[in-house]
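Here is what each chain is made of, one letter per residue.
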Amino acid sequence: MFRLDGKVALITGSTRGLGWAMAQAMVGVGAHVVVNGRTEQAVWAKAAELSLGTGRSSGIAFDVADLSAATAAVETVVERHGAIDILVNNAGIQHRSPLADFEQHEWDRVMGVNLDAPFALARAAAVHMMGAGGGRIINTGSVMGQIARPTIPAYVASKSAIAGLTRALAVELAPHGITVNAIGPGYVATEMNTPLVNDAAFNQMVIDRTPAARWGRPHEIAAAAVFLASDEASYVNGQVLLVDGGMSIAL
Ligand code: NAD
């Protein structure tokens, strides 16, 4: 079960963090993973690492916030590999600022990467998945799509909208054999969160607030991605699978 043999997966923002963990996990169960990041050097270095012993990885450099480049990249993946079976919209950014100082361009930047890009990439990939008779789209939400903390309004809004986008695409694409789900990570120790892990008070808040009493590990998110991408998840659609150590259901 949970094999992805012969499947082509594009994972955005996969040179580090959760995307990298998902890339490793998917290659491990047989997929060909197209690694994405913003520089050729980074994507091909990580693709080479994944290819060792498997030959099942390649790279494609583009900035997901450049929607034309993102759309074109989907076409390139299909030209190179003959299909795009799995799209993981993983790339995401954060901006923290008190509301009065939260600049409009920062709001736009977060929404561009976290919401506009997943929409554009899903639209481009869905066309090919429909032609192929099926596929998997996995978006990356957050526990911050369910609950909120101060100073991150764009992040909370974008991740909440990801839940809605996931449902909207799921109902439209289900007749074509495509499932669209999201993963909602809790606090996972990745590069994005290094300042928070190193902040003693914040670190303690995460431990106290999480029933599991610890930060999540990237492989725990990757396992959810493998499941949602697999044939075995064919009847799971439109859901946000929260992988958060129980944070979102605890008071
Ligand atoms: P990270 O910062 O460690 O990695 C994000 C990756 O996305 C990086 O490789 C970065 O280069 C890439 N990226 C950023 N902007 C990009 C762009 N415009 N174009 C292409 N690539 C771009 O972050 P992470 O912790 O691995 O987070 C991955 C996803 O998971 C994000 O969507 C994030 O919001 C979400 N998430 C993370 C956590 C967590 O605790 N780590 C919790 C909830 C949700």
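Note that this is a predicted model, so its numbers are computed, not measured.

(A) Structural context of the site of the ligand. Around the ligand, 29 residues are found, and the nearest of them are R16, D63, Y155, T190 and N193. A distance of 3.0 Å separates a nitrogen atom of the ligand from a polar atom in the backbone of V64. The separation between an oxygen atom of the ligand and a polar main-chain atom of V188 is 2.7 Å. Look at the ligand: alone it shows 820 Å² of surface, and the protein chains cover 95% of it. When atoms are counted within 2 Å of each cavity's grid points, the one that captures over half of the ligand is the largest pocket. At the level of secondary structure, the elements contributing two or more residues to the shell around the ligand comprise α1 (17-28) and α5 (153-173).

(B) Structural view of the side chain of N114. Mapped onto the elements, N114 comes out in helix α4 (residues 104-132). For N114, a relative accessible area of 1% translates into the label buried. Side-chain polar atoms of N114 contact the side chain of S158, separated by 3.2 Å. Apart from residues no more than four positions distant in its own chain, N114 is found in contact with A91, G92, I93, Y155, S158, K159 and I162.

(C) Region of the structure containing unusual backbone geometry. Phi at T151 is positive, roughly 75 degrees, even though this residue is not glycine. Within the secondary structure, T151 sits in the loop between β5 (135-140) and α5.

(D) The arrangement of the layout of surface pockets in detail. Considered as a void within the structure, the largest pocket measures approximately 860 Å³ in volume. In terms of lining residues, the largest pocket is bounded by 41 residues, among which N90, A91, G92, I93 and M192 are the most central. At the level of secondary structure, the elements contributing two or more residues to the lining of the largest pocket comprise α1, β2 (32-37), α4 and α5. The dominant element in the lining of the largest pocket, judged by the number of residues it contributes, is α1, at three residues. Across the lining of the largest pocket, the residue classes tally to 17 nonpolar, 17 polar and seven charged.

(E) Highlighting the packing of α1 against helix α8 (residues 218-229). Interaxial distance between α1 and α8 falls to 8 Å at its minimum, and their mutual angle equals 55 degrees. Here α1 lies oblique to α8, going by the angle between them. Crossing geometry of α1 relative to α8 is assigned as right-handed. Taken together, the residues of α8 that come into contact with α1 (itself represented by L18, A21, M22, A25 and M26) are P218, H219, I221, A222, A225, V226 and A229.

Calculation criteria
Residues numbered from 1 in each chain as written. Predicted model: local features only at pLDDT ≥ 70, side-chain atom pairs only at ≥ 80, totals over all residues. Heavy atoms only, no water. Near = heavy atom within 4 Å. Polar contact = N/O pair within 3.5 Å; in protein donor to acceptor, adjacent residues only side chain to side chain. Areas by Shrake-Rupley, 256 points an atom, 1.4 Å probe, with all protein chains shown as cover. 1 Å grid on protein atoms, 1.4 Å probe; cavity = no way out; pocket = protein on both sides within 12 Å on 5 of 7 lines; lining within 4 Å. Sits in = over half its atoms within 2 Å of the grid points. Helix = DSSP H or I, 4+ residues; strand = E, 2+ residues; numbered from the N terminus. Buried < 20%, exposed > 50% of the residue type's maximum accessible area, 1.4 Å probe, protein only. Contact = heavy atoms within 4.5 Å. Points joined across faces, edges and corners; volume = space filled by probe spheres on them. Nonpolar A, V, L, I, M, F, W, Y, C, P; charged D, E, K, R; others polar. Axes fitted to C-alpha atoms, helices over the stretch in contact; angles between N-to-C directions. Parallel < 35°, antiparallel > 145°, perpendicular 65-115°, else oblique. Left-handed = near helix turned anticlockwise from the far one by under 90°.

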